[in-house]
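# Structural description and commentary
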Amino acid sequence: MTDGDKYTVVLENDRVRVLEYRDSPGERTSPHHHSDFVLCALSAFRRRFVLADGREVVRDVRPGEVVWSKAQSHIGENVGSTDTHVLIIELK
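Remember, it's a predicted structure, so these values are computed and weren't measured experimentally.

A few words now on the overall build of the protein. Secondary structure assignment for the protein yields zero helices and nine strands. Secondary structure elements of the protein, listed N to C terminal, follow the sequence β-β-β-β-β-β-β-β-β. Against the compact-globule benchmark of 12 Å for 92 residues, the protein has a radius of gyration of 12 Å, which places it among compact chains. In terms of its C-alpha atoms, the protein occupies a principal-axis envelope of roughly 35 × 30 × 25 Å. A buried classification covers 36% of the 92 residues belonging to the protein.

Structure (structure tokens):
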């Protein structure tokens, strides 16, 4: 896993890996991969994702929002004015 200063493994077994992720405005991740996952937002934030094919997506996320996503590789950047705080449940 990249960005060990931002990700903490909360739980891992043969079925799932649960990650807690935190960062501050202006911070970004190294390129990395997530298997299929559910994201649970614990704060409101704005984030830019640069996907493996070069496309960029900017998302505003509300606290309490829960999102399903297929496996993907990306770089994430906090482009808002608030900290990012999420739980990511990756399926194995």
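Turning to the sheet that holds strand S3 (residues 32–34), a few remarks are in order. Read from one edge to the other, the open sheet built from four strands follows the order S3-S8-S5-S6, with strand pairing classed as antiparallel. For this open sheet the edge positions go to S3 and strand S6 (56–61), each flanked by a neighbour on one side alone. With strand direction ignored, the average angle separating the axes of adjacent strands in the sheet is 40°. The sheet contact formed by S3 and strand S8 (residues 72–78) spans three bridges and is antiparallel. Within S8, the residue paired with His-34 across the bridge is Gln-72.

Glancing now at the pattern of salt bridges. Taken as a whole and judged by the stated rule, the model has eleven salt bridges. Lys-6 serves as the salt-bridge partner of Asp-5, at 3.3 Å between the closest nitrogen and oxygen. Taking relative accessible area as the criterion, Asp-5 reaches 64% and is therefore assigned exposed. Across the pair Lys-92 and Glu-12 runs a salt bridge whose closest N-O atoms are separated by 2.7 Å.

A separate point is the side chain of Glu-90. Mapped onto the secondary structure, Glu-90 falls in strand S9 (residues 84–91). Judged by relative accessible area, Glu-90 falls into the buried class, the value being 4%. At 2.6 Å, the side chain of Glu-90 forms a polar contact with the side chain of His-34.

With that settled, consider the pairing of S8. Counting buried positions along S8 yields five of seven residues, so the element is predominantly enclosed. Two elements, strand S5 (residues 45–51) and S8, share five bridges in a ladder whose sense is antiparallel. The residue of S8 that forms the bridge with Arg-48 is Glu-77.

Rules and cut-offs
- Residues numbered from 1 in each chain as written.
- Predicted model: local features only at pLDDT ≥ 70, side-chain atom pairs only at ≥ 80, totals over all residues.
- Heavy atoms only, no water.
- Helix = DSSP H or I, 4+ residues; strand = E, 2+ residues; numbered from the N terminus.
- Rg over C-alpha atoms; globule rule 2.2 N^0.38 Å.
- Buried < 20%, exposed > 50% of the residue type's maximum accessible area, 1.4 Å probe, protein only.
- Pairing = 2+ DSSP bridges.
- Axes fitted to C-alpha atoms, helices over the stretch in contact; angles between N-to-C directions.
- Salt bridge = Lys/Arg side-chain N within 4 Å of Asp/Glu carboxyl O.
- Polar contact = N/O pair within 3.5 Å; in protein donor to acceptor, adjacent residues only side chain to side chain.

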